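# Residue-level structure breakdown
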Amino acid sequence: AITAAMPSGTRLDIFRASHPERFYDVGIAEEHAAIFACGQATRGLKPYVAIYSTFMQRCVDMIQHDAALQSLPVRFCMDRAGLSPDDGPTHHGLFDISMLRCIPNLIMMQPRDEAELCHMLATMQQIDHCPSAIRYPRGTGEGVDMPEEPQPLPIGQAEVLAPEGEVLLFALGNMNSVAARVRELLAEQSISCAHVNARFIKPLDGKCLLSYAGSSRLIVTLEDHSIVGGFGSAVQEFLGESCCAVPVLRIGWGDVFVEHGSLQQLRAKHGLSPEQIAERIALRLQKI
């Protein structure tokens, strides 16, 4: 387990207490953390690099040229992905998807809750042919039961939570809880929604998307990330290349540096509360 001066923030201090000989804090040198992990991977070790999403930007060179190009199984754990409440614009992790999804030979995922995070860590453990990355938010979990034995997930396979509806809510990570509330609000307006937990940013579950593209009036992507080059952009690109004419509404943070504030305050200010999202979907349907 490797970090760059973030042992308490990533809670690797707990791991350090139990396995001091397997823990490395390289100081404020994210680039070195990544290249150090690549060196370990060449020797058959299984390095996990835990760094805040916003500071993973410093590792993009190493992820691309050293990890991905050489198919090294380095596991990148991006803490504070998405909005980092009460930290401010320097710590919001709103750009990692757009920075990393263009890199070939990389698997990238995001869990909808703390239980799925355990399963994704187990998935990472089994990925030995390329680098992988998990992004997950700051804060408490959803309060779900934790698995006794985490199980690896099928790579690139989404999870269908509600199978039928005229609108598909294709949600990533912690936006699944928002999508569930949006679905309830739209049901009150007699608008039915299917709900799918995307799980994987790369590779996308194209088979799942195509199965809904022919029957949905609208596909809505929800992500705790900038909509510029983010998850919604990846979905839109895939559907366009597949010659699907279904409209896509991308929900995410705008093309701005988001200011300091609480999660609830900032979501409301930037149009990302469940009520605001439901209103946007209803208005978009009126125009189709």
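Here we summarise the structure given alongside this text. (Residues numbered from 1 in each chain as written. Predicted model: local features only at pLDDT ≥ 70, side-chain atom pairs only at ≥ 80, totals over all residues. Heavy atoms only, no water.)

Another point: the sheet that holds strand β5 (residues 107-109). What the 7 strands build is an open sheet, ordered β2-β1-β3-β4-β6-β5-β10; its pairing is mixed. Strands with a single pairing partner mark the edges of an open sheet, and in this sheet they are β2 (24-25) and β10 (200-202). (Pairing = 2+ DSSP bridges. Helix = DSSP H or I, 4+ residues; strand = E, 2+ residues; numbered from the N terminus.)

Here we take up the layout of surface pockets. Unoccupied space between atoms shows up once a probe the size of one water molecule is rolled over them. In this structure, the largest pocket occupies an estimated 1,400 Å³ of space. Around the largest pocket, the lining comprises 47 residues; the ones closest to its centre are T10, D79, L117, L121 and Y136. Going through the elements one at a time, α1 (12-18), β3 (48-52), β4 (75-79), α5 (114-126) and α9 (263-269) are the ones with two or more residues in the lining of the largest pocket. (1 Å grid on protein atoms, 1.4 Å probe; cavity = no way out; pocket = protein on both sides within 12 Å on 5 of 7 lines; lining within 4 Å. Points joined across faces, edges and corners; volume = space filled by probe spheres on them.)

At a minimum axis distance of 11 Å, the contact between helix α7 (residues 206-213) and helix α8 (residues 231-241) shows a crossing angle of 70 degrees. One element, α7, and the other, α8, form an angle in the roughly perpendicular class. The two elements α7 and α8 meet at a crossing, and its hand is right-handed. Contact residues: G206, L209, L210 and A213 in α7; V235, F238 and L239 in α8. Classifying every residue of the contact of α7 with α8 gives 6 nonpolar, 1 polar and no charged. (Axes fitted to C-alpha atoms, helices over the stretch in contact; angles between N-to-C directions. Parallel < 35°, antiparallel > 145°, perpendicular 65-115°, else oblique. Left-handed = near helix turned anticlockwise from the far one by under 90°. Contact = heavy atoms within 4.5 Å. Nonpolar A, V, L, I, M, F, W, Y, C, P; charged D, E, K, R; others polar.)

A word on the pattern of salt bridges. Two side chains that carry opposite charge are able to pair once their charged atoms sit near each other. Per the stated rule, a full pass over the model turns up 17 salt bridges. E184 is the partner of R181 in a salt bridge, and the nearest nitrogen-oxygen pair spans 3.0 Å. Of this pair, R181 and E184 both sit in helix α6 (residues 175-187), 3 residues apart, which is roughly one turn of that helix. Among the charged side chains, a salt-bridge network with shared partners connects R112, D113, E116, E159 and R199. (Salt bridge = Lys/Arg side-chain N within 4 Å of Asp/Glu carboxyl O.)

Right, let's get into the pairing of strand β8 (residues 167-171). Of all 5 residues that make up β8, 5 are buried, and the element is covered over most of its length. Side chains of β8 alternate between two faces, with V167, L169 and A171 and L168 and F170 buried alike. With α6 bridging β8 and the parallel strand β9 (residues 193-197), this β-α-β connection has right-handed handedness. The pairing of β8 with strand β11 (residues 218-226) spans 5 bridges and is classified as parallel. Residue L168 lies in a different strand from β11, and its bridge partner there is I219. (Buried < 20%, exposed > 50% of the residue type's maximum accessible area, 1.4 Å probe, protein only. Right-handed = clockwise from strand over helix to strand, strands pointing away.)

Enumeration according to the criterion identifies 1 cavity of 30 Å³ or more in this entry. By volume, the largest cavity is sized at about 30 Å³. In terms of lining, the largest cavity is formed by P89, H92, L94, F95, V256, F257 and V258. Residue composition of the lining of the largest cavity, by class: 6 nonpolar, 1 polar and no charged.

With that settled, the discussion passes to the environment of S216. Position of S216 relative to the elements: it lies in the loop between α7 and β11. By relative accessible area, S216 is classed as buried at 9%. Along the chain, S216 and G165 lie 51 residues apart, while their C-alpha atoms are 7.3 Å from each other. Dropping the residues within four chain positions of it, S216 is found in contact with E166, L168 and V246. A polar contact of 2.8 Å, which involves the side chain of S216, links it to the backbone oxygen of Y212. (Polar contact = N/O pair within 3.5 Å; in protein donor to acceptor, adjacent residues only side chain to side chain.)

Now for the sheet that holds strand β7 (residues 159-162). Backbone hydrogen bonds hold the strands of a sheet together, and the pairing may be parallel or antiparallel. Here 5 strands make up an open sheet; going across it, the order is β7-β9-β8-β11-β12 and the pairing mixed. Only two strands of the sheet have a single neighbouring strand rather than two, namely β7 and β12 (248-253). Going from strand to strand, the sheet's axes swing by 20 degrees on average, the running direction of each strand aside. Of the strands in this sheet, β7, β8, β9 and β11 are in contact with α6, which crosses β9 at around 175 degrees. Relative to β12, helix α10 (residues 274-286) is tilted by about 155 degrees, and along the sheet it contacts β8, β11 and β12.

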